[in-house]
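# An overview of the molecular structure
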Amino acid sequence: AKEEGKGRYVLYDKSMHEAFNERMNIEKHLRGAMTGHEFELYYQPQLDIRSGFISGFEALIRWNSPELGFVSPLSFIKVAEDSRLIIDIGEWVLREACQFMKDIHDRLGHPYKISVNISVIQLLQDDFTMMVLDSLQESGLEPGFLELEITESIFMESFESIVSKLEFLKSRGIRIALDDFGTGYSSLSYLQQLPISTLKMDKTFIDSLSVKAYSQSFVQTIVQLGHNMGLEVVAEGVEEASQLEFLKDTGCDKVQGYLISRPVPEREVLQLLETLQDY
Ligand code: C2E
Ligand code: CA
Ligand code: CA
Ligand code: CA
């Protein structure tokens, strides 16, 4: 067992080295991915629990690299942030998502909301707010149907400047969601200062529902906290009917997860809406 311990260090070094090489390799191919049209957006529906209707979608980026194959956002978003490529990629995501949702509105005559993930690197850009307003204007999508998903990592950056940008966008009718809520750095006092409209409760809380005895009261508390602050509460990563049942009882507003649907490509969205009409 001791030898194994010694061996593990070697392995550890090697895997650090490999991880570094992998990141370099991803960055190399990421540089040409925008011009190569290698990105695509997938859309995952959100179900309004009370009405039983789909109320909107989250846009999730997919990268099919000719050299690397399908690369998960979990492996390339961080690289895109560190290399600042996320600025262009994120702008493309926003414009594409707004355009698509506007098309859906026009075709179906029914407004669905679109949620777009925004990296803190994008929020730090001087022209971020103008870029968002321009995406709306260009697409013709009404601001109330756009929701920007930010994470608690903004607490580590120029918090005040970010908050004022978010306040400006909120004043224009755009919604702000706090993503992965409960996993990051936010204290409740920070939470109060954020101009958010939605709390997205992280999947880890939903996962623990069936395993940990106290987790039910945890989830109930988060839902209550959100409602007391006048926020909408969305549960992420809902995979089981029993979880949905529990969330319904707690008064949680919306659910997103494989139970309702996996994220689907653009061309499958209309069909998905037909299938899910009477969930
Ligand atoms: P996220 O924003 O928390 O997105 C939710 C992730 O959970 C997505 O993974 C989604 O496919 C997955 N998911 C949804 N329902 C379920 C479920 O029931 N079970 C399980 N196991 N997973 C579920 P995905 O698409 O791989 O994205 C991973 C992360 O990458 C996202 O986490 C987000 O942080 C980031 N990301 C994705 N697209 C973008 C983007 O356009 N811009 C930025 N900045 N980040 C993005
Ligand atoms: Ca998200
Ligand atoms: Ca999330
Ligand atoms: Ca996440």
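The shown structure was predicted, so the numbers you read here are calculated from the model rather than taken from an experiment. (Residues numbered from 1 in each chain as written. Chains lettered and ligands numbered in written order. Predicted model: local features only at pLDDT ≥ 70, side-chain atom pairs only at ≥ 80, totals over all residues. Heavy atoms only, no water.)

## Re the packing of aromatic side chains
For any pair of aromatic rings, geometry is given as the distance between the ring centres together with the angle between the planes. This model, assessed by the stated rule, comprises 9 aromatic pairs. Residues F39 and F76 carry aromatic rings whose centres are separated by 6.0 Å and whose planes lie at 35° to one another, so their mutual orientation is tilted. With F39 in strand β1 (residues 39–48) and F76 in helix α2 (residues 73–82), this residue pair connects regions lying 37 residues apart in the sequence. On the accessibility criterion, F39 (9% relative accessible area) is buried. Centre to centre, the rings of Y43 and F100 are 4.5 Å apart; their planes meet at 35°, and the pair counts as tilted. With Y43 in strand β1 and F100 in helix α3 (residues 86–108), this pair connects stretches of sequence that are 57 residues apart. Ring pairing ties together the aromatic residues F39, W63, F76 and W92, which thus form one cluster. One Lys or Arg, R62, reaches over the ring of Y42 and ends 5.4 Å from the middle of that ring. Here the guanidinium or amino end of R262 rests over the ring plane of Y258, the centre of that ring lying 3.8 Å away. (Phe/Tyr/Trp six-rings, centres within 6.5 Å; stacked < 30°, edge-to-face > 60°. Helix = DSSP H or I, 4+ residues; strand = E, 2+ residues; numbered from the N terminus. Buried < 20%, exposed > 50% of the residue type's maximum accessible area, 1.4 Å probe, protein only. Lys NZ or Arg CZ within 6 Å of the ring centre and 35° of its normal.)

## Some thoughts on the coordination of the calcium ion (ligand 3)
The protein atoms that coordinate the calcium ion (ligand 3) are D179 (OD), D180 (OD), E236 (OE) and E236 (OE), at distances spanning 2.2 to 2.6 Å. The sequence pattern describing where the donors of the calcium ion (ligand 3) fall on their chain is D-D-x55-E. The metal-metal distance between the calcium ion (ligand 3) and the calcium ion (ligand 2) comes to 4.0 Å, with D179 coordinating both. Overall, D179 belongs to the buried group, its relative accessible area being 5%. (Donors = N, O, S within 2.8 Å, 3.2 Å for Na, K, Ca; no water.)

## Things to note about the coordination of the calcium ion (ligand 4)
Those protein atoms acting as donors to the calcium ion (ligand 4) are D180 (OD) and D180 (OD), and they sit at 2.6 to 3.1 Å. Taken as a pair, the calcium ion (ligand 4) and the calcium ion (ligand 2) lie 6.0 Å from each other. If you trace the backbone, D180 turns up in strand β6 (residues 175–181).

## Brief notes about the nonpolar core
Within the largest apolar cluster, 81 residues are counted, with the highest numbers of intra-cluster contacts made by L30, F57, I114, L146, L148, M201 and L247. Counting residues per element, this core draws most heavily on α3, at 10 residues. Excluding its chain neighbours within four sequence positions, the residues that come into contact with F57 are Y43, Q44, P45, M101, Y112, K113, I114, S115, V269, L272 and L273. (Core = buried A, V, L, I, M, F, W, Y, C linked by side-chain atoms within 4.5 Å. Contact = heavy atoms within 4.5 Å.)

## Concerning the site of ligand 1
Around ligand 1 sit 21 residues in total, of which Q44, R62, N117, E239 and Y258 are the nearest. Between ligand 1 and the protein, one listed contact pairs an oxygen atom with a side-chain N or O atom of E58 at 3.3 Å. Against a free-state accessible area of 810 Å², the protein chains account for coverage of 81% of ligand 1. Counting only elements with at least two residues in the shell around ligand 1, the list comes to β2 (54–65), α2 and β6. With 4 residues, the single largest contributor to the shell around ligand 1 is β2. Class assignment for the residues of the shell around ligand 1 results in 9 nonpolar, 5 polar and 7 charged. (Near = heavy atom within 4 Å. Polar contact = N/O pair within 3.5 Å; in protein donor to acceptor, adjacent residues only side chain to side chain. Areas by Shrake-Rupley, 256 points an atom, 1.4 Å probe, with all protein chains shown as cover. Nonpolar A, V, L, I, M, F, W, Y, C, P; charged D, E, K, R; others polar.)

## Regarding the pattern of salt bridges
Applying the stated criterion across every chain yields a total of 18 salt bridges. Salt-bridge contacts for E149 lead to K200; the nearest nitrogen and oxygen are separated by 2.7 Å. Taken together, the residues E149 in strand β5 (residues 146–150) and K200 in strand β7 (residues 198–201) connect sequence positions 51 residues apart. By relative accessible area, E149 is classed as buried at 1%. With relative accessibility at 0%, the residue K200 sits in the buried group. Put simply, K113, E147, R175, E232 and K254 are held in one network by salt bridges that share partners. (Salt bridge = Lys/Arg side-chain N within 4 Å of Asp/Glu carboxyl O.)

Fair warning: the whole summary comes from geometry, so function is off the table for now.
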